[in-house]
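Chain by chain, the residues:
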Amino acid sequence: MPTPTSTVNSVLNSTLSIGPHQVQPPVVLAPMAGITNAPFRTLCREFSGGKGLFVSEMITTRALVERNEKTMQLVHFDATEKPRSIQLYGVDPATVGKAVRMIAEEDLADHIDLNFGCPVPKVTRKGGGSALPYKRHLLRAILREAVSGAGDLPVTMKMRKGIDDDHITFLDAGRIAVEEGVTAIALHGRTAAQHYGGTADWDAIARLKEHVPEIPVLGNGDIWSADDALRMVRETGCDGVVVGRGCLGRPWLFGDLVAAFEGREEYARPTLREVAAVMVRHATLLGEWIGDEARGVIDFRKHVAWYLKGFAVGSEMRGRLAITSSLAELSDGLAELDLDQPWPSGADGPRGRTSGNNRVVLPDGWLKDPYDRAGVSEDAELDTSGG
């Protein structure tokens, strides 16, 4: 496994190439259902100074092809988003191909990422997400259709180690991706069975990097701070990092990541007053994006606990803030807090889902043969997007 200190220095001074797009520093916002919508991407991009790559929520290929109303809203990008990055989910090669061609022909995005990492049952029970790479021929067919249909648009993929410890797929999937013209691979160092529990296996990221030296490999899993990102690069030799749960309630993490990869130790340590201001802005952006202030604030509720983690805020007040329905109510509640609190020590730890060791729900007979394409039904393509 690569460990030389020169690894970090080379990444600090290099640019990640995703097709024609140069990403510096090599930092990517992971697609997260219900999280990485346009408002959240705006916040992260503002803190990063526009540096990095920010990927949309998961877009279902069937819903895109059928021009589902919710899906068409999700594929709308702000004029300042460059490059525009869409993540697609699909299990049928023909439908994936149609969706990719639609994106290319209608200029809906500048980069396409394919989701082979989602572990949630409603996706894996139909053979999608982290279940799909087990079917090697099906994976190849999807990648071939996507790369062919994308034209000049770069196609990347995000995956997990495999279904469980007895069904590891990432090395085979990585080689297939290279052979089919995928531009880069992101690996979450967990199996589908682990969901988000336990510790991410960074050794697997290093092994993938050694296995597919032809294209960039990005590491994902357990990056809670900018120092974690540098440590991942140092320990695995990966070409960049993908950050998911680490930025929940911490959009300024992308500013920290830019500083770290530029060799500066200028990390944000906001007071509660500064955090509260970001919370109100986040809720405001959601309302503007949805077109309804109340719905925007309601959508923001799930972020409250993440933003307030580590601060001295009583359970009653946390509960009140988590049921607000207007910007005024949210602002008034935040004003009652001790806003002069400094950034709490130990607040950079895990956030979001932490469940693990789950049985992976799969189509009947899915594991009988890793090379057949049986088990993918006509309804396997979800008709809604966003996860």
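Being a predicted model, the structure only gives us computed values, none of them experimental.

Student: What exactly am I supposed to notice about the overall build of the protein here?
Tutor: Secondary structure assignment for the protein yields 16 helices and twelve strands. By the compact-globule yardstick of 21 Å for 387 residues, the protein fits well, its C-alpha radius of gyration being 20 Å. By principal-axis analysis of the C-alpha atoms, the protein measures approximately 60 × 50 × 40 Å. Per-residue burial over the protein gives 59% buried out of 387 residues. The long-range share in the protein, meaning contacts at least 24 apart out of those at least 6 apart in sequence, stands at 74%. Approximately 15,200 Å² of the protein is accessible, and the part contributed by carbon and sulfur atoms is 48%. Charged side chains of the protein number 43 positive and 52 negative; the gap between the two group centres comes to 2 Å.

Student: Explain the nonpolar core here, please?
Tutor: Nonpolar side chains in soluble globular proteins generally cluster together in the buried interior. Ranked by internal contacts, the top residues of the largest apolar core, which has 81 residues, are Leu88 and Met157. Within the second largest apolar cluster, 26 residues are counted, among which are Leu43, Trp252, Val297 and Leu308.

Student: It is not clear to me how the layout of surface pockets should be interpreted in this structure. Could you clarify?
Tutor: To find the voids left in a structure, one rolls a probe of water-molecule size over its atoms. As a volume, the second largest pocket reaches approximately 310 Å³. For the lining of the second largest pocket, the secondary-structure elements that each account for two or more residues are helix 4 (69-74), helix 12 (272-290) and helix 13 (293-300). The greatest single-element share of the lining of the second largest pocket, amounting to four residues, is contributed by helix 4.

Student: Hey, could you run me through the state of the cysteines in this one?
Tutor: In the structure shown here, the tally under the stated rule is zero disulfides. No disulfide involves cysteine 44; its nearest neighbouring cysteine sulfur is the one of cysteine 247, lying 4.9 Å away.

Student: Would you mind going over unusual backbone geometry with me for this structure?
Tutor: With the exception of glycine, the majority of residues adopt a negative phi angle, and the majority of peptide bonds are in the trans configuration. Glutamine 24 connects to proline 25 through a cis peptide bond whose omega is 0°. Structurally, the position occupied by proline 25 is in the loop between strand 2 (21-23) and strand 3 (27-29). Positioned with a positive phi, arginine 67 is a non-glycine residue whose angle comes to about 55°. Of note, arginine 67 is situated in the loop between helix 3 (61-65) and helix 4. One non-glycine residue, histidine 195, lies in the positive phi region at around 50°. Here histidine 195 is to be found in the loop between strand 10 (184-188) and helix 9 (202-211). Judged by relative accessible area, histidine 195 falls into the buried class, the value being 12%.

Student: Before we go on, may I ask you to explain the sheet that holds strand 6 (residues 111-116) in this structure?
Tutor: Either a parallel or an antiparallel arrangement is found when strands of a sheet pair, and the pairing is made through backbone hydrogen bonds. If you trace the eight strands once around the closed barrel, you get 3-4-5-6-7-10-11-12, paired in parallel fashion. The mean angle between the axes of side-by-side strands here comes to 25°, regardless of whether they run parallel or antiparallel. Its contacts with the sheet put helix 2 (residues 38-48) on strand 3 and strand 4 (53-60), and the angle it makes with strand 4 is roughly 165°.

Student: What's the story with the packing of aromatic side chains in this structure? I'm lost.
Tutor: Two numbers describe a pair of aromatic rings. These are the distance of the centres and the angle of the planes. On inspection of all chains with the given rule, the structure shows six aromatic pairs. Measuring from ring centre to ring centre gives 5.8 Å for phenylalanine 300 and tyrosine 307, while their planes differ by 35°; the resulting arrangement is tilted. There is no split in this pair, since phenylalanine 300 and tyrosine 307 are both buried. Residue placement shows lysine 135 over the ring face of tryptophan 366; its charged tip is 5.0 Å from the ring centre. A cation sits over an aromatic face here: arginine 160 above tyrosine 196, 5.0 Å from the ring centre.

Cut-offs applied
Residues numbered from 1 in each chain as written. Predicted model: local features only at pLDDT ≥ 70, side-chain atom pairs only at ≥ 80, totals over all residues. Heavy atoms only, no water. Helix = DSSP H or I, 4+ residues; strand = E, 2+ residues; numbered from the N terminus. Rg over C-alpha atoms; globule rule 2.2 N^0.38 Å. Buried < 20%, exposed > 50% of the residue type's maximum accessible area, 1.4 Å probe, protein only. Contact = heavy atoms within 4.5 Å. Areas by Shrake-Rupley, 256 points an atom, 1.4 Å probe, with all protein chains shown as cover. Lys, Arg positive; Asp, Glu negative; His and termini not counted. Charge placed at Lys NZ, Arg CZ, Asp CG, Glu CD. Core = buried A, V, L, I, M, F, W, Y, C linked by side-chain atoms within 4.5 Å. 1 Å grid on protein atoms, 1.4 Å probe; cavity = no way out; pocket = protein on both sides within 12 Å on 5 of 7 lines; lining within 4 Å. Points joined across faces, edges and corners; volume = space filled by probe spheres on them. Disulfide = S-S within 2.5 Å. Pairing = 2+ DSSP bridges. Axes fitted to C-alpha atoms, helices over the stretch in contact; angles between N-to-C directions. Phe/Tyr/Trp six-rings, centres within 6.5 Å; stacked < 30°, edge-to-face > 60°. Lys NZ or Arg CZ within 6 Å of the ring centre and 35° of its normal.

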